[in-house]
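A closer look at the structure
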Amino acid sequence: MSKEAVITGIGVITPAGVGKADFWQGMVSGQSFLSPITSFDTARYTSKIGGAIKDFDPASLLDPRIMVQTDRWTQFDMISAKQAIDDAGVQIRDEDPTRVGAVFAAGTGGNEYGQRQLHICSSQGPKHVSVYLSIAWFYAASIGQVSISNAIRGYGRNICAEAAGGPIALGHAAKTIAQSTCDVVIVGGCEAPLTPYTFASHQASGLMSPENGDHPYRPFDATRQGTVAGEGGASFCVESKEHAQRRNAHIYGEIAGWGQSFDGVQTREPAADGKEYARAIEQALKMAQLQPTDIDWILCDGLGTQQGDKAEARALQAVFGDALASIPASAPKSMIGRLFNGGSTVDVAAALLGMQTDTVLPTVGFTQPDAECPLDCVPNQVRTKQIRHVLVGARGFGGYNSAIILKRPF
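Here the structure is a predicted model, which means the values were calculated and not measured.

Criteria and cut-off values
Residues numbered from 1 in each chain as written. Predicted model: local features only at pLDDT ≥ 70, side-chain atom pairs only at ≥ 80, totals over all residues. Heavy atoms only, no water. Helix = DSSP H or I, 4+ residues; strand = E, 2+ residues; numbered from the N terminus. Rg over C-alpha atoms; globule rule 2.2 N^0.38 Å. Buried < 20%, exposed > 50% of the residue type's maximum accessible area, 1.4 Å probe, protein only. Contact = heavy atoms within 4.5 Å. Areas by Shrake-Rupley, 256 points an atom, 1.4 Å probe, with all protein chains shown as cover. Lys, Arg positive; Asp, Glu negative; His and termini not counted. Charge placed at Lys NZ, Arg CZ, Asp CG, Glu CD. Core = buried A, V, L, I, M, F, W, Y, C linked by side-chain atoms within 4.5 Å. Expected span 1.5 Å × (residues − 1). Salt bridge = Lys/Arg side-chain N within 4 Å of Asp/Glu carboxyl O. Axes fitted to C-alpha atoms, helices over the stretch in contact; angles between N-to-C directions. Parallel < 35°, antiparallel > 145°, perpendicular 65-115°, else oblique. Left-handed = near helix turned anticlockwise from the far one by under 90°. Phe/Tyr/Trp six-rings, centres within 6.5 Å; stacked < 30°, edge-to-face > 60°. Pairing = 2+ DSSP bridges.

Per the secondary structure count, the protein includes 12 helices and 15 strands. For 410 residues, the compact-globule estimate of 2.2 N^0.38 gives 22 Å, and the C-alpha radius of gyration of the protein, at 20 Å, lies within 12% of that figure. A principal-axis box enclosing the C-alpha atoms of the protein has dimensions of 65 × 55 × 40 Å. Per-residue burial for the protein yields a buried fraction of 61% across its 410 residues. Long-range contacts, defined as pairs at least 24 residues apart, comprise 80% of the intrachain contacts of the protein with a sequence gap of at least 6. Total accessible area on the protein is roughly 15700 Å²; 49% of this is exposed by carbon and sulfur atoms. Taking the average place of the 34 positive charges on the side chains of the protein and the average place of its 40 negative ones, the gap between the two points comes to 3 Å.

In structure tokens:
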């Protein structure tokens, strides 16, 4: 890359907290924010636990005219993007609008809105369906609404790679800055899967945890039984380093390298050998011009299934070898659930805040090591360590793999 891309603003909405301060306070507590789902009747569902965002009212933050035409997922993206822009202190309307871009990762789209309108169509007839249905559940709804509300007219791209989308979106933002296409890029990715139809779809995958106790989602633990759905995500303001320094902005970290790959096999879970996931990580290391021993913390994908976690451990062993034993490799999403498309963006937010405070977040609920997952997964409580470089790994259903390396500003 000829020009460095740096992150100057963070916006985050999760079960652990809304806004970077509350989010970080919740995450360093090491407690679980998973609880019984109350937004719909789970009596006929095997899984009944989720990572729900509580005490959060989008209507208090968005125009009522926007509320009626957007799904909860898009509302998360719009609000977290506004948080990131405000945190960065950048005045987008004072910039050349053609040099401000937006890259968003999208998952399943506006499912709550879509399910509600389809029910209206079935029960009352098509004339009663909202005209906004045509855009509200479309996977590009968020990037459109964020761009319109912030007068962004430059480069735009929507990434559809399920849970692997966050690092890919940030990588594309860094690329546009390296190529001098943009000075500022707003990047985000959220998900709102706690709705009957979407939850049923995820449960049909067979990967959801059937447990309903205190820690139903415990990646890398020998007794793990699956993943737990959560809602939320994060957004970022990414700038060229030159642009950020010119306005004396606070820099959380630099996007040092990124990579992506695809398993190319038909399987319910990530490919068992982890080879393509390892290749994405190796791409990120090569671009960052770093050795595996330069990484101080790995934020794992942490699917939480027996085979999925073993595959991730194999990928990390292939890349890091003997050095893996001395690198913390945790799955903080064990506290808030797997946010699917929003999970990797939240991991990036955690990585940036961890670098600021030299704090490694834990994997909670971990009590029984698995010999086939020989990772230092930082069980149950935070750890203090000097952090210069962080690797965030992510995998999406269908075979998507991605990785990003963040560098602490010196």
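Below, the discussion takes up the nonpolar core. Core analysis: the largest hydrophobic core is formed by 52 residues, its most contacted members being F23, F236 and V238. Excluding its chain neighbours within four sequence positions, the residues that come into contact with F236 are I7, G9, I10, A84, L170, V185, I186, V187, T345, V348, A349 and L352. Counting 28 residues, the second-largest nonpolar core is a separate cluster that includes A256, I281, A284 and A329.

Let's shift gears to helix α11 (residues 306–320). Over its 15 residues, α11 extends 21 Å from the first C-alpha to the last, a length consistent with the 21 Å expected when each residue adds 1.5 Å. If you check which residues of α11 are buried, you get G308, D309, K310, A311, E312, A313, A315, L316, V319 and F320. Buried residues along α11 sit against α10 (275–288), β10 (297–299) and β14 (389–396).

A side chain with one charge can pair with a side chain of the opposite charge if their charged atoms come near. Inspection of every chain in the model, using the stated rule, returns 22 salt bridges. Between D86 and K82 there is a salt bridge; the shortest N-O distance is 2.8 Å. In this pair, D86 and K82 both sit in helix α3 (residues 72–88), 4 residues apart, roughly one turn of the helix. One salt bridge in this structure joins D296 and R388, with 3.2 Å as the shortest N-O distance. Taken together, the residues D296 in the loop between α10 and β10 and R388 in the loop between β13 (383–384) and β14 connect sequence positions 92 residues apart. Assessed through its relative accessible area of 33%, R388 is described here as partly exposed. By sharing partners, the salt bridges in this structure join D301, E312, R338 and R395 into a single network.

Looking now at unusual backbone geometry. Phi at F220 takes a positive value of approximately 75°, unusual for a residue other than glycine. Within the element layout of this structure, F220 appears in the loop between α8 (196–204) and β8 (232–240). The buried category is assigned to F220, whose relative accessible area is 1%.

Okay, the packing of α10 against α11 next. Where α10 meets α11, the axes come as close as 8 Å, and the angle between the chain directions of the two elements is 40°. Judged by the angle between their axes, α10 and α11 are oblique. Between α10 and α11 the crossing geometry is right-handed. Between α10 and α11, the residues in contact are Y277, A278, I281, E282 and L285 and E312, A315, L316, A318, V319 and F320, respectively.

Before going further, it helps to examine the packing of aromatic side chains. All chains considered together, the criterion is met by 7 aromatic pairs. Between F40 and F199 the ring centres are 5.7 Å apart and the planes differ by 65°, which places this aromatic pair in the edge-to-face class. With F40 in the loop between β3 (35–36) and β4 (49–50) and F199 in helix α8, the pair connects residues that are 159 residues apart, well separated along the chain. Each of the two residues, F40 as well as F199, counts as buried. Ring plane angle 55° and centroid distance 4.7 Å describe the contact between F138 and Y139, whose orientation is recorded as tilted. Taking relative accessible area as the criterion, F138 reaches 39% and is therefore assigned partly exposed. Every member of this aromatic cluster is reached through a ring pair, and the members are F40, Y45 and F199.

Okay, the pairing of strand β5 (residues 100–105) next. Here β5 lies mainly inside the structure; 6 of its 6 residues are buried. On β5, burial covers both faces: V100, A102 and F104 on one face and G101, V103 and A105 on the other are all buried. Here β5 runs beside strand β7 (residues 184–191); their pairing, made up of 6 bridges, is parallel. Directly across from A105, in β7, lies its bridge partner G189. When β5 meets strand β6 (residues 156–159), the two strands line up parallel, connected through 4 bridges.

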